[in-house]
2 protein chains.
Amino acid sequence: MIKQIAFDADDTLWHNEPLYIDVQNRFKELLSGYHSSEWIDQKLFATEMRNLAHFGYGIKGFTLSMIETAIELTEGRIRGSEIQKIIDYAREMLDTRLPLLENVEDTLALLAQSHDLMVITKGDLLDQEAKIARSGLQKYIKYIEVVSDKNRLSYVSILSRHGIEPASFLMVGNSLKSDILPVLELGGLAVYIPYSLTWTHENSIDRQLPQQGFYQLEHIALLPELVREIDRNLPEKHG
Amino acid sequence: MIKQIAFDADDTLWHNEPLYIDVQNRFKELLSGYHSSEWIDQKLFATEMRNLAHFGYGIKGFTLSMIETAIELTEGRIRGSEIQKIIDYAREMLDTRLPLLENVEDTLALLAQSHDLMVITKGDLLDQEAKIARSGLQKYIKYIEVVSDKNRLSYVSILSRHGIEPASFLMVGNSLKSDILPVLELGGLAVYIPYSLTWTHENSIDRQLPQQGFYQLEHIALLPELVREIDRNLPEKHG
């Protein structure tokens, strides 16, 4: 039986990546006098990857990476007023109320009647807390875990803290790297719901996905039916 | 009886503020051609306060505030290479191994024999986790809580999550605003250990400090003795 259902937040419960893409487009517009759009994308991604270990995931790290990229690409000729614009994007991003994906609220309301729901999200603490608070979904969610990264270790720590057996834990998300692979490797269940736009970094995995416990859905509205099915068959499959 | 002893981290377990002060001095040096040191301090503090709700506590927010202040104070004339220096400070700060305060390790080792120890710290998740990992103190600490802010609500949530009664909870820290006041107001015990340099924001409180449960020490090495004393007298005092 599934005891806990955990959801990724960004691009699983609400649209998040479009906000980054929008800002990245404005960033490229800002630098359009200096370089091609493709080159700016490429340089920004390289800067983000280099900075990930220092700045982590989230809007502030993204902003610092945009500023660094702008300085590098303009060989320091970028104006203060243009950098100020980049910081203003950050403040705007942090204040944005992100639209829920379709059917999210109904699905969570339904599942919360039969299961403990949890949100596991990575990024800046303050930022992720604010997004959850603004989402209006808190009433369905029993536990919220904000982690600096989603890897085997962070899942082990969450499961042990809550006394959850991996085999009774189901994770739902749009990132193969963060939501699916580490959970399957621990012996948990994972439902992959691809999102139309997913940051390259999140779907590049360096090893094969275990098939045991792996499910893929087109849409979160299909989740309650899948959970019922798993619950019916699980004792046999895992027994 | 005290069941849980919780410690603030920055400037309670290790020296943190000196790192900020050092970077702030280099920042002022960078802008010394434009403005007086006092004016830069004042402007930076105002920018930090304005940005706190957006960027939270921590190095990334501090860095974004330095960049904004530099742009404002130079009316946008700051050069890209100078802003790059500010971002380099951030990366350097994030990589610094902060020196422990005197007697911290011995004191924690001693107290861990008789009590559950916890660290409650605010700031960026990744950053605070890295500092704890680098401190070498993890072996004495049972629980680590990183919160976006330390207020009544965040303490209530931590205590309830761990099933701790406020009257058996002792918090140790150098910030009246974050470590002492909210804990006393909940009916907990709090030991204030002033640090030689404390950010103005952390010791400005807008109401009177309750005296019940309040203790002040000059040095963390005096804590085990105080804990023993409280444990001897607590049943009477709180009974």
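So, how was this worked out
Residues numbered from 1 in each chain as written. Chains lettered and ligands numbered in written order. Predicted model: local features only at pLDDT ≥ 70, side-chain atom pairs only at ≥ 80, totals over all residues. Helix = DSSP H or I, 4+ residues; strand = E, 2+ residues; numbered from the N terminus. Rg over C-alpha atoms; globule rule 2.2 N^0.38 Å. Buried ≥ 20, exposed ≤ 12 C-beta atoms within 10 Å, placed from the backbone. Pairing = 2+ DSSP bridges. Axes fitted to C-alpha atoms, helices over the stretch in contact; angles between N-to-C directions. Least-squares fit on C-alpha atoms with pLDDT ≥ 70 in both. Contact = placed C-beta atoms within 7 Å.

A. View of the overall build of chain A. For chain A, the helix and strand inventory stands at 10 helices and 6 strands. Against the 2.2 N^0.38 benchmark of 18 Å for 239 residues, chain A shows a C-alpha radius of gyration of 19 Å, consistent with a compact globule. Overall, the C-alpha framework of chain A stretches about 65 × 35 × 30 Å when taken along its three principal axes. For chain A, with 239 residues in total, the buried portion stands at 41%.

B. Representation of the sheet that holds strand β1 (residues 4–7) of chain B within the structure. Residues and elements named next belong to chain B. Reading across from one edge, β3-β2-β1-β4-β5-β6 is the order of the 6 strands in this open sheet, with parallel pairing throughout. Looking along the sheet, the strands with just one partner apiece sit at the ends: β3 (143–147) and β6 (214–216). The average angle at which neighbouring strand axes cross in this sheet is 20°, direction not considered. Where β1 meets strand β4 (residues 169–173), 4 bridges bridge the pair, whose relative direction is parallel. Note on β4: the bridge partner recorded for I5 is L170.

C. Quick look at the sheet that holds strand β5 (residues 189–192) of chain A. Residue and element names in this part refer to chain A. With parallel pairing, 6 strands are arranged side by side in an open sheet as β3-β2-β1-β4-β5-β6. Single-partner strands in this sheet number two, and they are β3 (143–147) and β6 (214–216). Recorded for the sheet is a direction-independent mean angle of 20° between the axes of neighbouring strands. One ladder, built from 5 bridges, connects strand β2 (residues 116–122) with β3; its direction is parallel. Looking at the pairing, M118 lines up with Y143 of β3.

D. Layout of the relation of the copies chain B and chain A. If you rotate chain B by 180° and push it 0.0 Å along the axis, it lands on chain A with an RMSD of 0.0 Å. Overall, the copies show the geometry of a two-fold rotation axis. Here 100% of the interface residues in chain B have copies in chain A that are interface residues too; the copies meet face to matching face.

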